[in-house]
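# Structural description and commentary
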Amino acid sequence: VPLAAAFHRPGATEWQDRLVPARITVVAVSPDGLDRTFALGGIADEFGLRTTGHHPTLDEYPRAAAHVRFSRSRTVTGDAPLCGQDTERVLAGIGRDPDGAPRGGGDA
């Protein structure tokens, strides 16, 4: 039996369960790829890497949790907006009118 075929007989998790106690380093990996594993697999939940967000059209959807945490402040991850939903607020924050012109008619 070729070596590769021998390793396919039990699944990856079973090999990991057998070999790790024997002090042989192995890790079971997902055959689905990182994006599919993240979206559907339990490992993202286990390590707190996934949360849910809300979209005005899509309702609840899975999304990445904050990638960093700071000791003195809470990371805020907002929901997905509709296209243009925040445009006026952003423009006002940089001193522009809703049409994009500088506030007060001056050059900016």
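Keep in mind the model is a prediction, meaning the values are calculated, not measured.

## Some words on the overall build of the protein chain
From N to C terminus, the protein chain includes five helices and two strands. Across the protein chain, helices and strands are ordered from the amino to the carboxyl terminus as α-α-α-α-β-β-α. For the protein chain, the proportion of its 108 residues judged to be buried stands at 11%. Within the protein chain, residue pairs in contact and separated by at least 24 positions form 15% of the contacts whose partners lie at least 6 positions apart.

## A closer look at the pattern of salt bridges
If the charged atoms of two oppositely charged side chains come close together, the side chains can form a pair. According to the stated counting rule, one finds three salt bridges in the structure shown. Ionic pairing is found between Arg50 and Asp45, a salt bridge with its closest N-O pair at 2.5 Å. We classify Arg50 as buried; its relative accessible area is 15%.

## Description of the side chain of His55
Looking at the secondary structure, you find His55 in strand E1 (residues 50-55). Separated by 2.9 Å, the side chain of His55 and the backbone nitrogen of Thr57 make a polar contact.

## Section: the confidence of the model for the protein chain
Across the protein chain, the average pLDDT comes to 80, with 88% of residues at or above 70. Of all the helices and strands in the protein chain, helix H3 (residues 34-40) carries the lowest mean pLDDT, 69, while helix H5 (residues 87-93) carries the highest, 90.

## Some words on the side chain of Arg50
Along the polypeptide, Arg50 turns up in strand E1. Engagement of the side chain of Arg50 in a polar contact is seen with the side chain of Asp45, the distance being 2.5 Å.

Rules and cut-offs
- Residues numbered from 1 in each chain as written.
- Predicted model: local features only at pLDDT ≥ 70, side-chain atom pairs only at ≥ 80, totals over all residues.
- Heavy atoms only, no water.
- Helix = DSSP H or I, 4+ residues; strand = E, 2+ residues; numbered from the N terminus.
- Buried < 20%, exposed > 50% of the residue type's maximum accessible area, 1.4 Å probe, protein only.
- Contact = heavy atoms within 4.5 Å.
- Salt bridge = Lys/Arg side-chain N within 4 Å of Asp/Glu carboxyl O.
- Polar contact = N/O pair within 3.5 Å; in protein donor to acceptor, adjacent residues only side chain to side chain.
- pLDDT = per-residue confidence, 0-100.

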